[in-house]
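Chain and residue survey
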Amino acid sequence: MKNAKVTPQKFLYLSSLSILLTMLTLVFGTPFLRAIKRSYGALAFWVLGLLLSIVFWQLKAHLLLVFVNALWISLGIQMECEKRGFRWWLSSFLGLSIGAFVGFAGAALLLRSFGLASEESLVGLLEEFLASLQQTSQVQLKLSAKDFLQIVPGLFIVILELALGMGLIFERKVFRWFQLPYERFVSQVSLLEYKLPDGLIWATLSALLLAFVSFGSTTANVIGLNFVYIAGTLYFFQGLAIIEVFLMALKVGFFGRFLVYFLMVGQLLPVVALFGFIDFWIDFRKRIRTALMKSKKTQPNGND
């Protein structure tokens, strides 16, 4: 890339955007954070996270503090593993696992400090929050506070998954926008190549069984349901990869892509995850590429 260089001014812009988008959306700040770590080094990345944590602590923004710490650690470990040549799924798994553990530990300490260590106190607090949410946004929730509390761990990991995934998808665009030198890690996966390990399909089927079939154990149902949410998000990204390959094969332009993604991602998100899930048996991308090759072979030669 011509004129690609690292400057303090770009670091300021990247830092501001990463913090702002993380606070507003939780998931869209990671592409900028990846650019910071790769272009300015690990020290700049971790110092920025530490300073942000101190600010949130002083502002008493405790929930943001817990999430930011978990996100920073997840992303930092994922990128360190990528740099050392770990397989992409192992890098992501280690980052998510350690980041989620830090997040859960931080949340437990925070709740204990506020005297909210029991399930009853948490359910009461959540009932107040959901009631105020329904009044202010007119959102009608079908889940009770107790049921919602049981899936909070899975939803927390889902948000971390979305954040790490968005970082990988949009990282290169951020480097291009800011004209930063870019070199892809050998072990880093692109969206078009994204395919989950085959073994996950059987774990997901087992989780579906636990979640929706009564075995006389509420704990088993809760564990299964949380795992379904976590795995469903992973298969959502695989579904996105299938859609992207399909759109590339059809040579769909910018506005066509925007409409497709708005419809599929904004309105039919479970359908996208379903595409990713059944890809284990169908292998959509292989079929699309095979059909594309056949169509090229059957096209008449322009010189005939």
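What counts and how
Residues numbered from 1 in each chain as written. Predicted model: local features only at pLDDT ≥ 70, side-chain atom pairs only at ≥ 80, totals over all residues. Heavy atoms only, no water. Helix = DSSP H or I, 4+ residues; strand = E, 2+ residues; numbered from the N terminus. Buried < 20%, exposed > 50% of the residue type's maximum accessible area, 1.4 Å probe, protein only. Contact = heavy atoms within 4.5 Å. Areas by Shrake-Rupley, 256 points an atom, 1.4 Å probe, with all protein chains shown as cover. Lys, Arg positive; Asp, Glu negative; His and termini not counted. Charge placed at Lys NZ, Arg CZ, Asp CG, Glu CD. Salt bridge = Lys/Arg side-chain N within 4 Å of Asp/Glu carboxyl O. Phe/Tyr/Trp six-rings, centres within 6.5 Å; stacked < 30°, edge-to-face > 60°. Patch = residues over 30% accessible without salt bridge, like charges linked within 9 Å, V, L, I, M, F, W, Y side chains within 5 Å. Bend = angle between axes of the 7 residues up to and from the residue.

**Some thoughts on the overall build of the chain**
- Tallying secondary structure elements over the chain gives 12 helices and 0 strands in all.
- For the chain, the succession of helices and strands along the chain, N to C, is α-α-α-α-α-α-α-α-α-α-α-α.
- When the backbone C-alpha atoms are referred to their principal axes, the chain occupies close to 80 × 55 × 40 Å.
- Per-residue burial over the chain gives 37% buried out of 304 residues.
- At a minimum sequence separation of 6, the contacts of the chain that also span at least 24 residues come to 71%.
- A total of about 18000 Å² of accessible surface is found on the chain, and carbon and sulfur atoms cover 68% of it.
- One finds the centroid of the 27 positive side-chain charges in the chain at a distance of 11 Å from the centroid of its 16 negative side-chain charges.

**Brief notes about the pattern of salt bridges**
- A full pass over the atoms with the stated rule returns 8 salt bridges.
- Salt-bridge contacts for Glu80 lead to Arg84; the nearest nitrogen and oxygen are separated by 2.5 Å.
- For Arg84, a relative accessible area of 59% translates into the label exposed.
- Residues Asp279 and Arg285 are paired through a salt bridge, measuring 3.3 Å at the closest nitrogen-oxygen approach.
- Beyond isolated ion pairs, a larger network of salt bridges with shared partners links Arg34, Arg38, Glu82 and Glu171.

**Remarks on the packing of aromatic side chains**
- Summed over all chains, the structure comprises 18 aromatic pairs.
- On the basis of an interplanar angle of 85° and a centroid distance of 5.7 Å, the ring pair of Trp202 and Phe280 is categorised as edge-to-face. A residue pair is termed long-range when its members are at least 10 positions apart, and Trp202 in helix H8 (residues 199–212) and Phe280 in helix H11 (residues 269–282) qualify at 78 residues.
- Grouping aromatic residues by their ring pairs yields a cluster made of Trp202, Tyr235, Phe277, Phe280 and Trp281.

**Overview of a nonpolar patch on the surface**
- Among the surface-exposed residues, Trp202, Leu205, Leu208, Phe212, Trp281 and Ile282 lie close enough to one another that they form a single nonpolar patch of about 600 Å² accessible area.
- Listing elements by their share of the nonpolar patch, those giving two or more residues are H8 and H11.
- Among the elements that make up the nonpolar patch, the one with the highest residue count is H8 (4 residues).
- Of note, Ile282 is situated in helix H11.

**Points about helix H7 (residues 145–177)**
- At Phe170, H7 is bent by approximately 50°, the largest bend along its length.
- One or two residues past the end of H7 sits Gln179, with phi positive at roughly 50°.

Honestly, it's all geometry; don't read function into it.
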